[in-house]
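So you can see what is in the structure, the chains are spelled out below.
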Amino acid sequence: MIHAFLTVTLRANQVVSGLALTIFGTGFSSYIGKPFVGIPLKNTFKPLEIPGLSDIPFLGPILFKHDSLVYLSFVFVAITALVLYKTRWGLNLRAVGENPGAADSAGISVSLTRYVSIFMGGMLAGAGGAYLSLAYAPSWLENMTAGRGWIAVALVIFAMWDPFKALFGSYIFGGVDALGFRIQTMKVAISPFFLKMMPYLLTIFVLIIITRETKTRRVSTPQALGLPYHREER
């Protein structure tokens with residue numbers, strides 16, 4: 001909501017606001033989380049096997065032996081796509097993203113739409129952070145996100161703002177991350193530091209490809225992305 005106030009109400013630069021809040025959040029979380037470093041958590045998300053489906057060869061362990069947050073992520077993707085493409089609010093949201101002036105002329109509250117969108121996005125990002133400390137590695141460590149939020153930003157660009165493409169892309173990025181651990185267990189003569197770099201190298205590669213695409217054809221980037229809106233400047 002701080003980011004929403006800065007960028008929507010005060011019309012601050014979104015990149016500057018995002019970077020400032022990222023630096024602040026990293027330091028603040030380290031400060032309040034320091035007493036919890038190394039303490040095992042009593043309540044964490046445990047894997048839930050779906051009867052019958054989890055026994056399917058190959059696909060069962062991949063799709064049906066996860067914790068509740070993973071299953072909820074599948075539901076959220078479907079709900080997001082439904083809201084974006086099949087509801088009036090989703091149409092209003094896309095209109096604000098493409099041309100806020102036209103949306104304002106049609107009686108859509110640009111500020112309210114942007115506030116709600118940023119609030120919901122922040123909640124989902126928070127759920128991603130909670131997954132790291134409650135399921136992925138059930139403990140607290142400083143800087144445990146390790147820049148994964150920037151990978152999420154690149155993932156949205158890679159998916160061209162499509163929820164189902166984002167789901168597919170997340171498996172690609174997650175697979176590359178997991179591949180590093182698999183290679184280490186196989187005792188392949190590759191530096192572990194290089195293996196940790198792999199998801200971020202893929203991120204840079206994807207951004208290069210998408211940037212080249214934007215020079216040759218229009219991708220699905222919202223035209224008003226990152227641009228502040230002021231009614232008097234229409």
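Now for a description of the structure that goes with this document. For clarity, every value in this text was computed on a predicted model and none was experimentally measured.

### Details of the overall build of the chain
Line of reasoning, step 1. If you tally the helices and strands in the chain, you get 10 helices and 2 strands.
Line of reasoning, step 2. In the chain, the succession of α and β elements from N to C terminus is α-α-β-α-β-α-α-α-α-α-α-α.
Line of reasoning, step 3. Viewed in the frame of its principal axes, the chain has a C-alpha envelope of about 60 × 45 × 35 Å.
Line of reasoning, step 4. For the chain, restricting intrachain contacts to residue pairs at least 6 apart in sequence, the fraction spanning at least 24 positions comes to 58%.
Line of reasoning, step 5. Only carbon and sulfur atoms are counted for the fraction: they give 71% of the accessible area of the chain, which is about 15800 Å².

### Structural notes on the environment of phenylalanine 64
Line of reasoning, step 1. Position of phenylalanine 64 relative to the elements: it lies in the loop between helix H3 (59-63) and strand E2 (65-66).
Line of reasoning, step 2. C-alpha of phenylalanine 64 to C-alpha of proline 51: the two residues are 13 residues apart in sequence and 8.8 Å apart in space.
Line of reasoning, step 3. Beyond its immediate chain neighbours, meaning those up to four positions away, phenylalanine 64 contacts Leu48, Glu49, Ile50, Leu53, Ser54, Leu59 and Tyr71.

### Considering the packing of helix H8 (residues 148-159) against helix H9 (residues 163-185)
Line of reasoning, step 1. Axis separation between H8 and H9 bottoms out at 9 Å; the angle between their running directions is 135°. By the criterion of interaxial angle, the relationship of H8 to H9 is oblique. Both H8 and H9 take part in a crossing whose hand is right-handed. When H8 is examined against H9, the residues Arg148, Ile151, Leu155, Phe158 and Ala159 are found in contact with a partner set consisting of Lys165, Ala166, Gly169, Ser170, Ile172, Phe173 and Asp177.
Line of reasoning, step 2. Taken together, the residues of the contact of H8 with H9 break down into 7 nonpolar, 2 polar and 3 charged.

### Observations concerning helix H4 (residues 68-86)
Line of reasoning, step 1. Over its 19 residues, H4 extends 26 Å from the first C-alpha to the last, a length consistent with the 27 Å expected when each residue adds 1.5 Å.
Line of reasoning, step 2. Residues of H4 that are buried: Val70, Tyr71, Val77, Ala81 and Leu84.
Line of reasoning, step 3. Against the buried residues of H4 lie strand E1 (48-49), H3, E2, helix H5 (88-98), helix H7 (110-136) and H9.
Line of reasoning, step 4. Backbone nitrogen of leucine 69 and a side-chain oxygen of the N-cap are separated by 3.1 Å at the start of H4; the cap is aspartate 67.

Scoring rules and cut-offs
Residues numbered from 1 in each chain as written. Predicted model: local features only at pLDDT ≥ 70, side-chain atom pairs only at ≥ 80, totals over all residues. Heavy atoms only, no water. Helix = DSSP H or I, 4+ residues; strand = E, 2+ residues; numbered from the N terminus. Contact = heavy atoms within 4.5 Å. Areas by Shrake-Rupley, 256 points an atom, 1.4 Å probe, with all protein chains shown as cover. Axes fitted to C-alpha atoms, helices over the stretch in contact; angles between N-to-C directions. Parallel < 35°, antiparallel > 145°, perpendicular 65-115°, else oblique. Left-handed = near helix turned anticlockwise from the far one by under 90°. Nonpolar A, V, L, I, M, F, W, Y, C, P; charged D, E, K, R; others polar. Expected span 1.5 Å × (residues − 1). Buried < 20%, exposed > 50% of the residue type's maximum accessible area, 1.4 Å probe, protein only. Polar contact = N/O pair within 3.5 Å; in protein donor to acceptor, adjacent residues only side chain to side chain.

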